[in-house]
Amino acid sequence: MKKIVIINGPNLNMLGKREPNIYGNATLEQINAELCAIGKEKKVSVETFQSNHEGAIIDKIQEVSGKCAGLIINPGAFTHTSIAIRDALLLIEAPVIEVHLSNTYKREAFRHKSTISDIAAGKIIGFGASGYFFALKTLIAGISVKNGHNE
Ligand code: DQA
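Residues numbered from 1 in each chain as written. Predicted model: local features only at pLDDT ≥ 70, side-chain atom pairs only at ≥ 80, totals over all residues. Heavy atoms only, no water.

## A short note on the sheet that holds strand β1 (residues 3-8)
Put simply, the test is: In this analysis, strands are considered paired if DSSP registers two or more bridges between them. Secondary structure elements follow DSSP: runs of H or I no shorter than four residues count as helices, runs of E no shorter than two count as strands, and numbering proceeds from the N terminus. Axis lines are fitted through C-alpha atoms, for helices just across the contact stretch, and the angle between N-to-C directions can take any value from 0 to 180 degrees. Should any heavy atoms of two residues lie within 4.5 Å, those residues are counted as being in contact.
With parallel pairing, five strands are arranged side by side in an open sheet as β2-β1-β3-β4-β5. Both outer strands of the open sheet, β2 (45-50) and β5 (122-125), are each paired with one neighbouring strand and no more. Strand-to-strand twist of the sheet, defined as the mean angle between neighbouring strand axes without regard to direction, takes the value 15°. Sheet strands in contact with helix α2 (residues 28-42) are β1 and β2, and its direction is about 165° off that of β2. Relative to strand β3 (residues 70-74), helix α5 (residues 130-140) is tilted by about 170°, and along the sheet it contacts β1, β2, β3, β4 (96-100) and β5.

## What about the environment of Ser51?
Selection rule: Counted as a polar contact is a pair of N or O atoms within 3.5 Å, where, for protein atoms, one must be capable of donating a hydrogen and the other of accepting one, and residues adjacent in sequence contribute only when both atoms are in side chains.
Within the secondary structure layout, Ser51 lies in the loop between β2 and α3 (54-64). In the structure, Ser51 is positioned 38 residues away from Asn13 in sequence and 7.9 Å away in space, judged by C-alpha atoms. Leave out the neighbours within four places in its chain, and Ser51 touches Asn8, Gly9, Pro10, Ala56 and Ile57. Of note is the side chain of Ser51, whose polar atom sits 2.9 Å from the backbone nitrogen of His53.

This is the structure we're talking about:
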């Protein structure tokens, strides 16, 4: 069975409570349940993972490299700082899609930089939780998109 992995970084476990004016009211559990339901309906295995720890995210990326048909990642604040997560993502041959709930370009300047955008296949930002659903449905449909580092 095709497997798609969805990784969320620090503080995204606080969705629903955390700045709902920016990130919305849905909890990560609700979003993940919806993502798993989409997977079930389409007969695709969906694995969700969240960690507040950079190393744990890197361990998960290494673990699934070569074993997934696509990877969706919202690295949270690590987006703007982590070369180590970027380096781990370079292991992934399958399409990597970067998702952010908020439009980071409308926010503080330090959120404008991403260490992974140029190596990802695509990026969806500013559409709240819908971004994850769109990314998953697109990967399930088998869209032919290459990561920046595979072009
Ligand atoms: C975020 C944007 C980041 O700047 C922030 O640190 C987050 C969430 C988003 O989904 O909009 O934790 O990745």
